[in-house]
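# Fold and contact review
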Amino acid sequence: MASQDGGESMMQTGASPKKEPVAYGKAGDGDAEAAEQASQSYGENSTAQVSAVSNGSDNDDGKEMVELKIIWNKNKYDLKIPLDGTGASLKERIHSLTGLPPAMQKVMYKGLLPEDKTLREIKVTNGAKIMVVGSTINDVLAVNTPKEVIQQDVKAEENKKEPLCRQKQHRKVLDKGKPEDIMPSIKGAKERLPTVPLSGMYNKSGGKVRLTFKLEQDQLWIGTKERTEKIPMGSIKNVITEPIEGHEDYHMMAFQLGPTEASYYWVYWVPAQYVDAIKDTVLGKWQYF
């Protein structure tokens, strides 16, 4: 009865139940306040360190995970993702880490990473380094001459000429015949770039040349007996290829290093199975945006 009287008294007088004073110095409240400050700080600075780590999502529970090191624009990010996730899903995770849209990404792991295959299928291992190359839309729009325009002009010019392998400047190299130490070729096949340099080929002067793809530095190294040229892939405007008549399992290939034909660096006897991988790695799909 005493409790009922007390309750009626409180209702009649309008008094509120007595509350304990809040001690903001407690550990629990301090953690909440710190979390709120971190959230505000993250909103002000999107490159805050907290954005450099992603441990997956709630939907990943029970799945076999793999931990990756994402490297983009001199920044490193730790990422945990399902091993059965596709290259496309990896691009989405990279987008959440870096802010770089998937369409602008060139993701490389032993060559250009395919979007339709799982990380397990392409044998991505725990702790693997994934190189990401790409520019923001503002950076790309700042380029005066888009690469696709240059490629269209070059292709139109090629159509006006006889096949490259019949032209005199190329015949003097091709007539030497196939190099003895050339790498084996597979006609009609498409393979990822090998882990070793492509070697045993000729350059325009008939000297031996090798191609090394330094993905972590986004560079193509063109090596001869005399020296090695280290060329940023972003500076290569186009890649021209054509099968060699009578030896269609090999191609002749040119890297356009400047605005005119004089800037082409020619390489002969490139194994056909690596042609598409070379073009994708050097140019990347993001070039069209």
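Model, not experiment: these values are computed from the prediction.

## Some points on the side chain of Thr-281
Summarising the element assignment, Thr-281 is placed in helix α7 (residues 275–283). Side-chain polar atoms of Thr-281 contact the backbone oxygen of Ala-277, separated by 2.7 Å. With residues up to four places along the chain from it excluded, the contact list for Thr-281 reads Lys-106, Met-108, Gly-111, Leu-112, Leu-193, Phe-213, Leu-215 and Met-233.

## Focus: the pattern of salt bridges
Scanning the entire structure with this criterion turns up 11 salt bridges. Among the salt bridges present, the one from Arg-120 reaches Glu-64, with a minimum N-O distance of 2.9 Å. Placement of the pair is Arg-120 in the loop between β4 (106–108) and β5 (128–133) and Glu-64 in the loop between β1 (53–54) and β2 (65–72), with a sequence separation of 56 residues. With its nearest N and O atoms 2.8 Å apart, the salt bridge here joins Lys-208 to Asp-181. You can see Lys-208 sitting in strand β7 (residues 208–214) and its partner Asp-181 sitting in the loop between α6 (168–174) and β6 (198–203), a full 27 residues away along the chain. Using a relative accessible area of 37% as the deciding quantity, one classes Lys-208 as partly exposed. With a relative accessible area of 45%, Asp-181 lands in the partly exposed category. Through salt bridges that share partners, Glu-64, Asp-84 and Arg-120 make up one connected network.

The rules behind these values
Residues numbered from 1 in each chain as written. Predicted model: local features only at pLDDT ≥ 70, side-chain atom pairs only at ≥ 80, totals over all residues. Heavy atoms only, no water. Helix = DSSP H or I, 4+ residues; strand = E, 2+ residues; numbered from the N terminus. Polar contact = N/O pair within 3.5 Å; in protein donor to acceptor, adjacent residues only side chain to side chain. Contact = heavy atoms within 4.5 Å. Salt bridge = Lys/Arg side-chain N within 4 Å of Asp/Glu carboxyl O. Buried < 20%, exposed > 50% of the residue type's maximum accessible area, 1.4 Å probe, protein only.

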